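Here is how the chains run, residue by residue.
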Amino acid sequence: MNPQPEQINEHTISVLVDNEAGVLARVVGLFSGRGYNIESLTVAEVDPENALSRITILTSGTPMIIEQIKAQLGRLVPVHKVNDLTLEGPHVARELAMVKVVGSGEKRVESLRIADIFRARAVDSTNKSFVFEIVGDTGKVNAFIKLMEKLGLTEVSRTGVVAIARGTKGI
Amino acid sequence: MASKQLNGSQIVLKALVDQGVEDVFGYPGGAVLPLYDEIFKQNQLRHILVRQEGGAVHAAEGYARSTGKVGVVLVTSGPGATNAVTGLTDALMDSVPIVCLTGQVPTHLIGNDAFQEADTTGITRPCTKHNYLVKDINDLARVVHEAFHVARSGRPGPVVIDLPKDVLMGQGPYSPPTEAGHKSYRPQLKGDAAQIRRAVGLMASAKRPLFYCGGGVINSGPEASRLLKTLIKKTGYPCALTLMGLGAYPASDKQFLGMVGMHGTYEANMAMHDCDLMINIGARFDDRVTGRLAAFSPGSKKIHVDIDPSSINKNVSVDIPVIGDVAHVLKEMLAVWKTERAKPDTPALKAWWRQIGKWQKRDCLSYKTNSKVIKPQQAIQRLYEATKGHDDVFITTEVGQHQMWAAQFFKFDNPNHWLTSGGLGTMGYGLPAAMGVQVAHPKALVVDIAGEASTMMNIQEMSTIAQYRLPVKVFILNNHYMGMVRQWQDLLHGSRYSETYMDSLPDFVKLAEAFGAVGLRATRPNQLDNVIKEMLATDKAVIADIRVDKMENCFPMIPSGAAHNEMLFGNNGDDSLASEEGMVLV
């Protein structure tokens, strides 16, 4: 029934909700009120015609907690669907980050070289700075930011994870 | 489509009437003046003017739980709404359907810290099942209908509708209730057929089965209680009920083992600990029931029927979850039991009942009476005996020792007649709740079994009771202490009674008279029956001040952090103190 009750795993959960006032507060309040973790949270309207938004939450917990999180989300009135992408098969997860690097000389050239390896794009540039845009899974984004630390990293802005199941099936 | 335009207040009232509302509990104020003006002009809805908004919500809870209908509350913005918060939380914890209309400052002032402004939807979001802020009058009728649908379907709960004053005064269209109720909210009513078959299979092969049933049975409606009785009678299995479930199965039946949990009976708790199959119907494995989770019913398989998927596997892992409405699932279970020609394992069941008989012989609720001082248990038992002849008896309680004694000694044979604050444990619940019950059932006998400390928490509602000539009986077990808190100080804090003595209590007899009610008092056991008799014969509100043994504690008891087979028996057993780990629990 509960083979590894203490095992804490990360789960990517996708929640389809009515895009109405307060819906995000409901979801976030549920997590804080019940003591669940939010590693990242991303939200945007995905179906304007039906006023539906999709929230992607990266959370962690024991299997029993994850089950609770899904059940608790499911009983919120404006929630249409809750999908545990981690359990439901392979999925693609991506994050976008903007990384500002300030510096000159060799460091500046090096940052551009690394950006090229990571397929990050420079979306803004001055004589002393770049803003790189990088898209990838969380590990890749983390690795890029880590490398930039020594090369003049001054600011990071990240979207949090968005994810979708692989294959033909929609949620 | 040019439908007739109404003002916002007319739309709200029309929607309430179309939802079958007859009574509203409320308190006026600036932001809801337009609504009160429309209330003045009509005679389809009766408004009950409470004395504090908290009383309005508890009264609506009493009304809802005794009728199965949605209770309706109307309060103003700011303090009106914040005073309602405790009642809303109470209704959420005990799954009571409530629609609470709150006034709000006009939309253009929202967020400006206007007079009597509070972020009502923000404050009530975690203590309601759902809430709405209506900013557009075109949504108003739909939202009110939707609120009723959400409040009463699935696991019932409180819903707040925040109504800015300009919306109440604007002009807009009215639309009647729709069949669907809500565009997407559809709780699952029918249980999964395969799961039900598996559950019945387990039931038929059980050797030491136990039905453990809760408030979900009562919320599912009277039919659920009838089906439960049929199923339990058919199987011959024992049944225990939670605090919220009392009345779901007749207490007078010999298959009933009593209440489970912290102050449940020895036989119910031991049966829970030792059973090999637990059939949970509409209960939620609350911490007051389970005791120490690691030692909770270690040898049993568990079936759990609940309409709320989040109740499944929340505290206790179960083997067969069935998500659905209790009445629907019980009906299916009975059908499968019949078609599969299931039969209980008679020899095993006989042995199980023999074992239960041994536990029952322990007579865990026994207490010693004497001629000098009234025992609280005795007071409730005498009250119960005296009310047996009445057709319709509703009991509400406050929170504390008297509540547990009432649960132990008052026997309920029907659902919806026992109203107590179980989940939140709200002192001050019983008096306004009794008021709400009496509004719904003017002819019935409604008794608030109370403690003197809890009574003081909503005593202002005696004035409402006077205004509407409600013959509510307040039966106070007066021991001059916050008894349950003191009991824990006895168990865990070296009997240091820090701030639990109720000094300077009012003279409850005179207090009753001040509110136009009748005051009675019993100080000695030989006065008890006469006072009860007089109370029941009085056709007005009564406060009966029953002076009981000040130091009596409530037993049996599973101390916090202990298991079901580690019960304390108080004066008639050998007790050890609760554990250190138990001390940090509540």
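Rules of the game
Residues numbered from 1 in each chain as written. Chains lettered and ligands numbered in written order. Predicted model: local features only at pLDDT ≥ 70, side-chain atom pairs only at ≥ 80, totals over all residues. Heavy atoms only, no water. Buried < 20%, exposed > 50% of the residue type's maximum accessible area, 1.4 Å probe, protein only. Helix = DSSP H or I, 4+ residues; strand = E, 2+ residues; numbered from the N terminus. Pairing = 2+ DSSP bridges. Disulfide = S-S within 2.5 Å. Axes fitted to C-alpha atoms, helices over the stretch in contact; angles between N-to-C directions. Patch = residues over 30% accessible without salt bridge, like charges linked within 9 Å, V, L, I, M, F, W, Y side chains within 5 Å. Areas by Shrake-Rupley, 256 points an atom, 1.4 Å probe, with all protein chains shown as cover. Salt bridge = Lys/Arg side-chain N within 4 Å of Asp/Glu carboxyl O. Domains from an automatic or database assignment. Contact = heavy atoms within 4.5 Å. Buried area = accessible area lost by both parts, 1.4 Å probe. Polar contact = N/O pair within 3.5 Å; in protein donor to acceptor, adjacent residues only side chain to side chain. Nonpolar A, V, L, I, M, F, W, Y, C, P; charged D, E, K, R; others polar. Phe/Tyr/Trp six-rings, centres within 6.5 Å; stacked < 30°, edge-to-face > 60°. Lys NZ or Arg CZ within 6 Å of the ring centre and 35° of its normal. Parallel < 35°, antiparallel > 145°, perpendicular 65-115°, else oblique. Left-handed = near helix turned anticlockwise from the far one by under 90°.

A. Region of the structure containing the pairing of strand S5 (residues 98-104) of chain B. Residues and elements named next belong to chain B. Within S5, seven of the seven residues are buried, leaving the element largely enclosed by the surrounding structure. Going residue by residue along S5, you find Ile98, Cys100, Thr102 and Gln104 tucked away on one face and Val99, Leu101 and Gly103 tucked away on the opposite face as well. Pairing geometry for strand S4 (residues 71-75) and S5, over five bridges, is parallel. In the strand pairing of S5, Gly71 is matched with Ile98. Relative to strand S7 (residues 158-164), S5 is paired through seven bridges, and the arrangement is parallel. Its bridge partner being in S7, Thr102 is matched across the sheet by Asp162.

B. Summary view of the state of the cysteines. Residues and elements named next belong to chain B. Per the counting criterion, the structure on display carries zero disulfides over all chains. The thiol sulfur of Cys127 is not disulfide-bonded, and the nearest other cysteine sulfur, from Cys100, lies at 9.4 Å. Take Cys127: its relative accessible area is 5%, and that puts it in the buried class. Cysteine Cys364 shares no disulfide, and the gap to the nearest cysteine sulfur, in Cys554, comes to 11 Å. In this structure Cys364 comes out as buried when scored by relative accessible area, which is 4%.

C. Highlighting the sheet that holds strand S3 (residues 52-61) of chain A. Residue and element names in this part refer to chain A. The strand order across the open sheet formed by four strands is S2-S3-S1-S4, and the pairing between neighbours is antiparallel. Two strands lie at the open edges of the sheet, namely strand S2 (40-47) and strand S4 (79-84), each paired on one side alone. On average, each strand axis in the sheet is inclined to that of its neighbour by 20°, with strand direction left out of account.

D. Region of the structure containing a nonpolar patch on the surface. On the surface, A:Leu24, A:Val28, A:Ile38 and A:Val43 cluster together into a nonpolar patch covering about 260 Å² of accessible area. Tracing the sequence through the fold places A:Val43 in strand S2.

E. Main features of the domain arrangement of chain A. Residues and elements named next belong to chain A. For chain A, the assigned domains are domain 1 (9-84) and domain 2 (91-164). Taking only C-alpha atoms into account, the centre of domain 1 sits 28 Å from that of domain 2. Taken residue by residue, the interface counts seven residues in domain 1 and seven residues in domain 2. Contact between domain 1 and domain 2 buries roughly 520 Å² in total, counting both sides, with carbon and sulfur atoms accounting for 54%. At the junction of domain 1 with domain 2, the criterion picks out zero salt bridges. Summed over the shared surface of domain 1 and domain 2, the result is four residue pairs in polar contact (both at pLDDT 80 or more). Here the residues of the side of domain 1 that touches domain 2 sort into two nonpolar, four polar and one charged.

F. Structural detail: the interface of chain A and chain B. Contacts between chain A and chain B engage 16 residues on the former and 21 residues on the latter. Here chain A and chain B share an interface that buries about 1,500 Å² over both sides, 52% of which is from carbon and sulfur atoms. For the pair chain A and chain B, the number of links is two salt bridges. Between A:Asp18 and B:Lys183 there is a salt bridge, and its shortest N-O distance comes to 3.3 Å. In this structure, the connection of chain A to chain B is made through six residue pairs in polar contact (both at pLDDT 80 or more). Where the side of chain A that touches chain B is concerned, the elements lending two or more residues are helix H1 (23-33) and helix H2 (63-74) of chain A. The dominant element in the side of chain A that touches chain B, judged by the number of residues it contributes, is H2(A), at five residues.

G. Inspection of the pattern of salt bridges at higher detail. As enumerated under the stated definition, the model contains 30 salt bridges over all chains in all. Between A:Arg121 and A:Glu133 there is a salt bridge, with its nearest N and O atoms 3.4 Å apart. Here A:Glu133 lies in strand S7 (residues 129-136) and A:Arg121 lies in strand S6 (residues 121-125), a separation of 12 residues in the sequence. Overall, the relative accessible area of 18% leaves A:Glu133 in the buried class. Its salt-bridge partner being B:Asp490, residue B:Arg486 comes within 3.9 Å of it at the nearest N-O pair. In this pair, B:Arg486 and B:Asp490 both sit in helix H21 (residues 483-492), four residues apart, roughly one turn of the helix. Judged by its relative accessible area of 0%, B:Arg486 falls in the buried class. The network of salt bridges with common partners includes B:Asp507, B:Arg521, B:Asp545 and B:Arg547.

H. Representation of the packing of aromatic side chains. As enumerated under the stated definition, the model contains 16 aromatic pairs over all chains in all. When the ring centre of B:Phe569 is taken as origin, the NZ or CZ atom of B:Arg362, which lies over that ring, is 3.9 Å away.

I. Molecular detail of the packing of helix H1 (residues 8-18) of chain B against helix H7 (residues 137-152) of chain B. Residues and elements named next belong to chain B. One can describe the packing of H1 onto H7 by two numbers: an axis separation of 10 Å at closest approach and a directional angle of 25°. The orientation of H1 relative to H7 falls into the category roughly parallel. Of the two elements, H1 crosses H7, and the hand of that crossing is right-handed. On the side of H1, the interface is formed by Gly8, Ile11, Val12, Ala15, Leu16 and Asp18, while H7 contributes Ile137, Leu140, Ala141, Val144, His145 and Phe148. The class makeup of the residues in the contact of H1 with H7 is nine nonpolar, two polar and one charged.

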